[in-house]
Protein chains: 2
Amino acid sequence: MASISGFPEFLPQGRIVEMRAHDIVRRVFELHGFANIQTRSIEPLSDLSRKGEITQEVYLVRRLHAETQEEDVWGLHFDLTVPFARYVLENSGHLEFPFRRYQIQPAWRGERPQEGRFREFWQADIDIVGQGELSTHHDAEVVMVMMEACEALSAELGLPPVTIRINNRKLIQGFYTGIGCSDPLPIIQAVDKLPKVGVQATAEILAKLGLDSSQVDKVLGFAQVNSTRGSVDDQVRSFGVTNELLEQGLGELTDLSSKVSARFGSQVVVDAKIARGLDYYTGSVFEIELQGYESLGTISAGGRYDSLATDAKNTYPGVGVSFGLSRVFVPLISQGVLTASRSVPSVVCVAVDSDETRPQAEQVATALRHRGIPCEVSPNSQKYGKQIRFADRRGIPYVWFGPVIGQVKDIRSGDQWDADANQWTPEQSDMTVQILQAQ
Amino acid sequence: MASISGFPEFLPQGRIVEMRAHDIVRRVFELHGFANIQTRSIEPLSDLSRKGEITQEVYLVRRLHAETQEEDVWGLHFDLTVPFARYVLENSGHLEFPFRRYQIQPAWRGERPQEGRFREFWQADIDIVGQGELSTHHDAEVVMVMMEACEALSAELGLPPVTIRINNRKLIQGFYTGIGCSDPLPIIQAVDKLPKVGVQATAEILAKLGLDSSQVDKVLGFAQVNSTRGSVDDQVRSFGVTNELLEQGLGELTDLSSKVSARFGSQVVVDAKIARGLDYYTGSVFEIELQGYESLGTISAGGRYDSLATDAKNTYPGVGVSFGLSRVFVPLISQGVLTASRSVPSVVCVAVDSDETRPQAEQVATALRHRGIPCEVSPNSQKYGKQIRFADRRGIPYVWFGPVIGQVKDIRSGDQWDADANQWTPEQSDMTVQILQAQ
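Note that the structure is predicted; figures quoted are calculated from it, not measured.

Participant: Lay out the packing of aromatic side chains in plain terms, naming residues and giving numbers.
Facilitator: Residues and elements named next belong to chain A. Under the definition given, this model contains 32 aromatic pairs over all chains. Ring centres 5.5 Å apart and planes at 55° place the aromatic pair Phe-29 and Tyr-102 in the tilted group. On the criterion of sequence distance, the pair formed by Phe-29 in helix H1 (residues 12–31) and Tyr-102 in strand S5 (residues 99–108) is long-range, its members being 73 residues apart. A ring pair is formed by Tyr-398 and Trp-424, whose centres lie 5.0 Å apart and whose planes are at 75°; its orientation type is edge-to-face.

Pasting the structure below:
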């Protein structure tokens, strides 16, 4: 009977903010033609175990009275990528490729709860997946769509602007190969932790991986490469490293950054230390942070993968980006930074004179709803002053008195006037709940 | 890597139908001022075990690498009532009563899958809960709201009309007490199964419960009482049973049925055999069926409970009704009764001449999206015929050619005309995906 750490829940006012955020990202994704899918909450444990490092965070699901130990063992999905890969393989014969989908669902991880980490959390993912091949122009597409979603969240909810950092795995891998490191993945994972552990510790880790001091210097120097002006060509070339993969990655990176910068200017940073730890990225990688809320960490991230999944006939390359809705909105809502102007959808509370005239009040409500105006009828026939306070406590802006041709009061201003419930319309700004930002 | 029985998933076209259904019930609930909440997916197992009969269906949730057997044991919720009761107690100091909430979420039951039963399924619940007291006029309110939701699903998705059967536990209990049965609950549960097991088997069960043959006859006779004309007063009184609780129940039932019949006419049946098996109902009870799809069983049900929950200070009486979204929509979608006019939100596919003019196509798309028109840019620059087929396979109605001042083709009619992407607007009926019913 008490709240469980890591499983956030909101009061109705907070939930209105969260729903609005979900509605906004949904609208932006659909405006770009992304189709929604929902996948089941569980996957066979064997599918969830393939990403070794996450295995230990999985929540196991079994029937309480499972008849044998042999019964199927499932886990709650820990992201929306594993279920999506399974869905693509399972339905490949019925999907049109490139398949562009969004998914807004909870995911679960058995982490120790800490600031900004949840055990049940909402994610919003977009991915574009091809069958056999997928052009790199889709990399820019998913980035632009997610940046537009962030922009809409700023414009409509007052979320701070974001910064996106982009890089390219081919560039990184080409650079490391070019300086003589044959196994780039452990280096990528070490550099990925650089912002957390610092230069000194990273240098030690690199040395342990067998890099000589010149290589360590170059890796750390390369990690310093960044620019808000689109291209890092000159900076990269200053190391004098030549490699075919590096050239290809640099080309892709310049192409992506110039497209995104053309629209989002200085919000775009090319940053060579961005690597994303996961082993399946093979090209563009990106991370988004909230300006002024860097302590929340990466709120959105993604990249290009040459193979989301494979079956007997095909491989499915893709590019996608995931947005951590709970990571952003749970702290903003629970700290009161974002709140709603009322706790109910109702624009109008219809007052009730007496139990006998309740049907008359219900007629008023029906007339208002008929024209799309959310309303509720007062639960009792107490004195009008009490009914007004009832509405006020919920933040409902208007109270209606009398029959369909009656009177309406704006309880914020105290103004009251004659009105016909078949014709009167509230201010447009009152029709939906307003989202308010703390000053 | 295969579908798991009882955990339904849809292709994008089916998911559009499901989302639309969820959007419709949400809109109706909000029009009536119900506030949304979402509760976490899990509850402590001890809270889920209180309803004895459901315990064995619970899915247990634990961390894969739980460090001790003593770690908290949770289960996935099997309905939205248990979590709601817990939420009300936990947040009672922050909620305004009567508290009117809706909840649209999945629930899980470890049942053996069979027709119309799922192990992961969506429910839509509305409840009104008071602190200490709650007027009976809210019984009619929740029924009217759910019936309006069903009506909107009929009007907008072509769902068949529904029949609602209503009854009152006080009437039943008063009648049974009045004929000398001191323990009504087992009789209620026996009669609840009458439609499934038949009159003969029910008579035998009642005899085993200790009823004499005159009592059995009266119970079975009473179960025949029904009317589509609002009142069953005369039928009930013909048994000559007098009891105070019976009178109270009959009054509540007549009041409820007359209110609902005034709006929904012959869709409303007063039916004395409706009991709802659960022990917590204490007044009005109701069940909704789809006309012509009676094999789906009850698609929505609810009732009045004098105590949803209690804490040290208060008891929380309520009335609510639950709608089984998956029970209705999974069969209708998977049998192809309901489908969507396209598999993507896009109204327009912008054709691409060559890789060099892709930015021009993106400008067209930006101009259209700026005015709220969902669209996508062709992934490649194949021959126009192939790009039109690409759009057609997705059901996208329009293809755009050339720059912002270019041409648009309705690929259904083949008509093509000059258009300016800053001004042209598609037919209103094409703006959102149409839901189609099989003939």
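Participant: So, empty space enclosed by the protein: which residues are in play, and what are the values?
Facilitator: The tally for this structure, following the rule as stated, stands at three cavities of 30 Å³ or more. Computed from the structure, the largest cavity encloses a volume of approximately 930 Å³. Around the largest cavity, the lining comprises 48 residues; the ones closest to its centre are A:Gln38, A:Ile104, A:Trp122, B:Gln38 and B:Trp122. The set of elements that each furnish at least two residues to the lining of the largest cavity consists of H1, S5, strand S6 (120–129) and helix H12 (325–334) of chain A together with helix H1 (12–31), strand S5 (99–108), strand S6 (120–129) and helix H12 (325–334) of chain B. The residue inventory of the lining of the largest cavity, partitioned by class, reads 20 nonpolar, 14 polar and 14 charged. By volume, the second largest cavity is sized at about 50 Å³. In terms of lining, the second largest cavity is formed by A:Thr136, A:His137, A:Asp139, A:Ala140, A:Glu252, A:Asp255, A:Leu256, A:Lys259 and A:Ser284. For the lining of the second largest cavity, the secondary structure elements donating two or more residues are helix H4 (137–157) and helix H11 (244–264) of chain A. In terms of residue count, the dominant contributor to the lining of the second largest cavity is H11(A) (four residues). When grouped by side-chain class, the residues that make up the lining of the second largest cavity number two nonpolar, three polar and four charged.

Participant: Tell me what's going on with helix H11 (residues 244–264) of chain B, and back it up with residues and numbers.
Facilitator: Residue and element names in this part refer to chain B. Between its terminal C-alpha atoms H11 stretches 30 Å, which fits the 30 Å expected from 21 residues at 1.5 Å a residue. Every buried residue of H11 is listed here: Leu-246, Gly-249, Leu-250, Glu-252, Leu-253, Leu-256, Ser-257, Val-260, Ser-261 and Phe-264. The arc that holds every buried residue of H11, seen down its axis, measures 170°, which confines them to one face. In H11, those exposed residues whose orientation departs by more than 90 degrees from the buried face are Glu-244 and Ala-262. Buried residues in H11 make contact with helix H4 (137–157), strand S7 (162–168), helix H5 (169–178), helix H10 (233–237), strand S9 (268–271) and strand S10 (284–290). The residue sitting at the N-terminus of H11 and contributing the capping side-chain oxygen is Asn-243; that oxygen lies 2.7 Å from the backbone nitrogen of Leu-245. Once H11 ends, the next one or two residues include Gly-265, with phi positive near 45°.

About the criteria used
- Residues numbered from 1 in each chain as written.
- Chains lettered and ligands numbered in written order.
- Predicted model: local features only at pLDDT ≥ 70, side-chain atom pairs only at ≥ 80, totals over all residues.
- Heavy atoms only, no water.
- Phe/Tyr/Trp six-rings, centres within 6.5 Å; stacked < 30°, edge-to-face > 60°.
- Helix = DSSP H or I, 4+ residues; strand = E, 2+ residues; numbered from the N terminus.
- 1 Å grid on protein atoms, 1.4 Å probe; cavity = no way out; pocket = protein on both sides within 12 Å on 5 of 7 lines; lining within 4 Å.
- Points joined across faces, edges and corners; volume = space filled by probe spheres on them.
- Nonpolar A, V, L, I, M, F, W, Y, C, P; charged D, E, K, R; others polar.
- Expected span 1.5 Å × (residues − 1).
- Buried < 20%, exposed > 50% of the residue type's maximum accessible area, 1.4 Å probe, protein only.
- Arc of directions from axis to C-beta.
- Contact = heavy atoms within 4.5 Å.
- Polar contact = N/O pair within 3.5 Å; in protein donor to acceptor, adjacent residues only side chain to side chain.

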